[in-house]
Amino acid sequence: MNIATKKDLFNLIIDSPDEALYEKAKSNWNSIAKPLDGLGDFEDLICRISAITGTEKPDISNRAAVIFCADNGIVEEGISQSGKEVTVNVAKALGKGISSACSLGEMAKVKVFPVDIGTDCDEEICGVRNLKVSKGTCNFLKEPAMTESEVFCAIGRGIEIAGELKNQGYGIISMGEMGIGNTTTSTAVLCALLGLDCNKVTGRGAGLDDKGLLHKKEVIKQALEKYDFDSIADQKEKAFQILRSVGGLDIAGLAGLAIGGAIYHVPIVLDGLISSVAALAAECVVPGTKAYLLPSHKGREGGNQLALEALGLSPYMNGDMALGEGTGAIMLFPLMDLVLGFYNNGAKFGDYEMDEYKRFAK
């Protein structure tokens, strides 16, 4: 698909998932010998995957985890417990296959695809795909984080990856990221998109103490006051400018991956705060994207739940997780396998020689 300009991006039309296949999958669930809706939200999960992929019997055995690595200039303001050098260190671990995401991915039978979309280094990181847009972003307290062309490029690369993976036979994609400072960027984007008070939303990230948290809140507050987002009438343009001004290359790339999932009818599994905020931005820029998103877990950062609520989505797991790298999304796959296995192989009422349960109007 040729998306050569920002106007092309804004004019994208997303097809809705197949409602008839959703209902067919629901009928299949109802024929299994169990109470109606007995697996609750997990039944809906399989129905949604059926509708998205266009098949009554979805196959999620080939699954990919895309992890965008990028640095953030706002780290200069001391908003993180760690320095930016950690981004490259973890990216190298991803390339070697020894990071948290890689370890969990091996057990969950997920192929991990680390992508350098904006680390602040010159070296080619072994095992990490180089799609670098720039060497990190600018300090958004002083100037916009990115240029328009950088945002558009990062979104485009996310879209391209979704298409490539679909062509390679991957039936479902999870998203993740690695970048010191990205709970600050994602919180700023979230507050700008939804008009939230950053003092009530900002979390501790990787473990700030009380003093560090207060400073982080103040940095976000000052930045949001610096940019006049409310003067932008067009909502797609507003979301794009929010990404440009206070976002990150990883967030823009993830937004593109979400949009790509909607374009190519591939379910996209969200992780925590950063991916949910990217998904919200994607929905603002390309309405209809949210129908292709599967939220994995609630997360420890309160902003994650707010982003999901704005998307009309509810997470399938709690767990109080804050590990990053897309690990929460990866952890949903074994649960999916259990539920899909039951959907495909569960005994029917006829096997029990008993009548199906009836659904009565409430």
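See the structure shown above.
Residues numbered from 1 in each chain as written. Predicted model: local features only at pLDDT ≥ 70, side-chain atom pairs only at ≥ 80, totals over all residues. Heavy atoms only, no water.

Here the focus is the packing of aromatic side chains. The tally for this structure, following the rule as stated, stands at seven aromatic pairs. Between Phe42 and Tyr316, the ring centres sit 5.8 Å apart and the planes meet at 35 degrees, which makes this aromatic pair tilted. A residue pair is termed long-range when its members are at least 10 positions apart, and Phe42 in helix α3 (residues 41-53) and Tyr316 in the loop between α13 (302-311) and α14 (327-345) qualify at 274 residues. Like Phe42, the residue Tyr316 is buried in the burial classification. Here Phe113 and Tyr170 contribute two aromatic rings whose centre-to-centre distance is 5.6 Å and whose plane-to-plane angle is 90 degrees, an arrangement assigned as edge-to-face. Pair noted here: Phe113 is in strand β2 (residues 111-118) and Tyr170 is in the loop between α6 (148-167) and β4 (172-178), with a separation of 57 residues, a long-range link. On the accessibility criterion, Tyr170 (17% relative accessible area) is buried. In this arrangement the basic side chain of Lys111 is found over the ring face of Phe113, its NZ or CZ atom lying 5.8 Å from the centre. Over the ring of Tyr227 we find Lys226, and its NZ or CZ is 5.8 Å from the ring centre. (Phe/Tyr/Trp six-rings, centres within 6.5 Å; stacked < 30°, edge-to-face > 60°. Helix = DSSP H or I, 4+ residues; strand = E, 2+ residues; numbered from the N terminus. Buried < 20%, exposed > 50% of the residue type's maximum accessible area, 1.4 Å probe, protein only. Lys NZ or Arg CZ within 6 Å of the ring centre and 35° of its normal.)

Let's shift gears to unusual backbone geometry. Of note, Lys109 is a non-glycine position whose phi angle comes to about 60 degrees, a positive value. Residue position: Lys109 is located in the loop between α5 (100-107) and β2. Unlike most non-glycine residues, His265 shows phi in positive territory, near 60 degrees. Mapped onto the secondary structure, His265 falls in the loop between α11 (249-264) and β5 (268-270).

Buried residues dominate strand β1 (residues 63-70), accounting for eight of its eight residues. Going residue by residue along β1, you find Arg63, Ala65, Ile67 and Cys69 tucked away on one face and Ala64, Val66, Phe68 and Ala70 tucked away on the opposite face as well. Sheet analysis places β1 next to β4, joined by seven bridges and oriented parallel. Pairing of Phe68 across the sheet is with Glu177, part of β4. Bridge count for β1 against β2 is seven bridges, and the pairing is parallel. (Pairing = 2+ DSSP bridges.)

Everything listed here is a matter of coordinates, which is why it stays silent on function.
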